[in-house]
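# Observations on chain architecture
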Amino acid sequence: MSVFTPLEQHELETFLAPYGLGRLHEFQGIAAGTENSNFFVSLEGGEFVLTLVERGPVDDLPFFIELLDVLHQADLAVPYALRDRDGMALRSLAEKPALLQPRLPGSHVSEPNPHHCAEVGDWLAQLHLATRERVLERPSDRGLAWMLEQGPSLALSLPDEQLPLLRDALAEIQALLPRLQTLPRANLHADLFRDNVLFEGTHLTGVIDFYNACSGPMLYDLAITVNDWCSTPDGPLDPARTQALLGAYSTQRHFTPAEAELWPAMLRIACVRFWLSRLIAAEENAGRTVLIKNPDEFRCLLEARQQADSALPFAL
Ligand SMILES: Nc1ncnc2c1ncn2[C@@H]1O[C@H](COP(=O)(O)OP(=O)(O)OP(=O)(O)O)[C@@H](O)[C@H]1O
Ligand SMILES: N[C@@H](CCO)C(=O)O
């Protein structure tokens, strides 16, 4: 159960009054999620989600609010922050930063098919097209420099047989660094996993959890997304899902030659990012009753990505 800060009805009513959304019918803590306290809130004026920000990059909340405004204006289904009567998006409840967002319809898909993957590729391209002309700058706090810094110390706790895999992957990142930094950029979701996307049938109805969003190479966002949506249980990419996702993306944005060349390496880099962050999370959360995601899943994906099993549908 991930409600870290329980709320009383009367304090919630006081908080909600300035939004002018009518009477509170009911509210309920959301069990999923590991970072923040989230509540479904049912008001006369509709269905909403209240987030109390418990940890993470609190100073960057204005960035997330601005980015979600841009995406909402571009007609993407995202949980933008509602304003109260004074125009305030970021408020405070139970001494925590608090945001009220529309509740998006739909549910998560754990076993996606090519239709789901095509929707996700299409959505990701729209995100990149909506932001690449005027990128809102925010370096990722889990970027390449972070991987190169954290990798060697995390390696100390790995079994010997896993070391060459990580060492080679970090050496590859170091060697490619200058080229990676010249790839075309936009704002990235940077965590577009299945548990952050909502569907009704095969229709994508919303994308949530922008707390990893940043500025950076679009190809990196695509690699993160493909690794989660298109991998088979053994690790290699499923050709039909991969083709569907990349095909839908590339009908909206053509890849550059440099992107096509760096694609296999980018798939590996995206594995390193989550292998390392899951190793850290597993260590930090040991013994707590929060969902701990298995770091080995990304070690296996990284192993599988040593063979280039997907090419970008390349066009200039
Ligand atoms: N705007 C929204 N509309 C519908 N459902 C939402 C919305 N925001 C959150 N949810 C639901 O709440 C759950 C938890 O939200 P979220 O994944 O953002 O949790 P978190 O703790 O903030 O982040 P993390 O994924 O890092 O644990 C989601 O899985 C989703 O089911
Ligand atoms: N999507 C991440 C967790 C949140 O950043 C993972 O699966 O490791």
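The chain is annotated in an unreviewed UniProt entry as Homoserine kinase of Serpens gallinarum. For the chain, the Pathway (unreviewed entry) comment in UniProt is given as "Amino-acid biosynthesis; L-threonine biosynthesis; L-threonine from L-aspartate: step 4/5." As stated in UniProt under Sequence similarities (unreviewed entry), the record for the chain gives "Belongs to the pseudomonas-type ThrB family."

## So, the domain arrangement of the chain
Under the domain assignment, the chain is made up of domain 1 (9-102) and domain 2 (114-304). Listed by partner, the interface residues are 21 residues for domain 1 and 21 residues for domain 2. In this assembly, domain 1 packs against domain 2 so that about 1600 Å² is buried in total across both faces, 72% of it on carbon and sulfur atoms. Of all residues in domain 1, Phe63, Leu67 and Leu76 give up the largest surface area on contact with domain 2, accounting jointly for 29% of the area buried on that side. At the junction of domain 1 and domain 2, the tally comes to two salt bridges. Across the pair Asp60 and Arg138 runs a salt bridge whose closest N-O atoms are separated by 2.7 Å. Taken together, the links from domain 1 to domain 2 amount to two residue pairs in polar contact (both at pLDDT 80 or more). Looking at the side of domain 1 that touches domain 2, the element that brings in the most residues is helix H2 (residues 61-73), giving eight residues. Its residues placed into classes, the side of domain 1 that touches domain 2 shows 15 nonpolar, three polar and three charged.

## Overview of the packing of helix H6 (residues 218-229) against helix H7 (residues 239-250)
Between H6 and H7, whose axes approach to 10 Å, the crossing angle comes to 150 degrees. Classed by the angle they form, the pair H6 and H7 counts as roughly antiparallel. Crossing angle aside, the handedness with which H6 passes H7 is right-handed. Two secondary-structure elements touch here, H6 through Met218, Leu222, Thr225, Val226 and Trp229 and H7 through Arg241, Thr242, Leu245, Leu246 and Tyr249. A breakdown of the residues in the contact of H6 with H7 according to their chemical character gives seven nonpolar, two polar and one charged.

## Description of the sheet that holds strand E1 (residues 24-29)
Taken together, five strands build an open sheet; the order of strands is E1-E2-E3-E5-E4 and the sheet is antiparallel. Edge positions in the sheet fall to E1 and strand E4 (91-93), since each of these pairs with one other strand and no more. Sheet twist, expressed as the average angle between the axes of neighbouring strands with direction ignored, equals 35 degrees. Relative to strand E3 (residues 46-52), strand E2 (residues 37-43) is paired through seven bridges, and the arrangement is antiparallel. When the sheet's bridge partners are listed, Ser37 is paired in E3 with Leu52.

Cut-offs and rules
- Residues numbered from 1 in each chain as written.
- Chains lettered and ligands numbered in written order.
- Predicted model: local features only at pLDDT ≥ 70, side-chain atom pairs only at ≥ 80, totals over all residues.
- Heavy atoms only, no water.
- UniProt positions renumbered as here; feature names shortened; annotations may be inferred.
- Domains from an automatic or database assignment.
- Contact = heavy atoms within 4.5 Å.
- Buried area = accessible area lost by both parts, 1.4 Å probe.
- Salt bridge = Lys/Arg side-chain N within 4 Å of Asp/Glu carboxyl O.
- Polar contact = N/O pair within 3.5 Å; in protein donor to acceptor, adjacent residues only side chain to side chain.
- Helix = DSSP H or I, 4+ residues; strand = E, 2+ residues; numbered from the N terminus.
- Nonpolar A, V, L, I, M, F, W, Y, C, P; charged D, E, K, R; others polar.
- Axes fitted to C-alpha atoms, helices over the stretch in contact; angles between N-to-C directions.
- Parallel < 35°, antiparallel > 145°, perpendicular 65-115°, else oblique.
- Left-handed = near helix turned anticlockwise from the far one by under 90°.
- Pairing = 2+ DSSP bridges.

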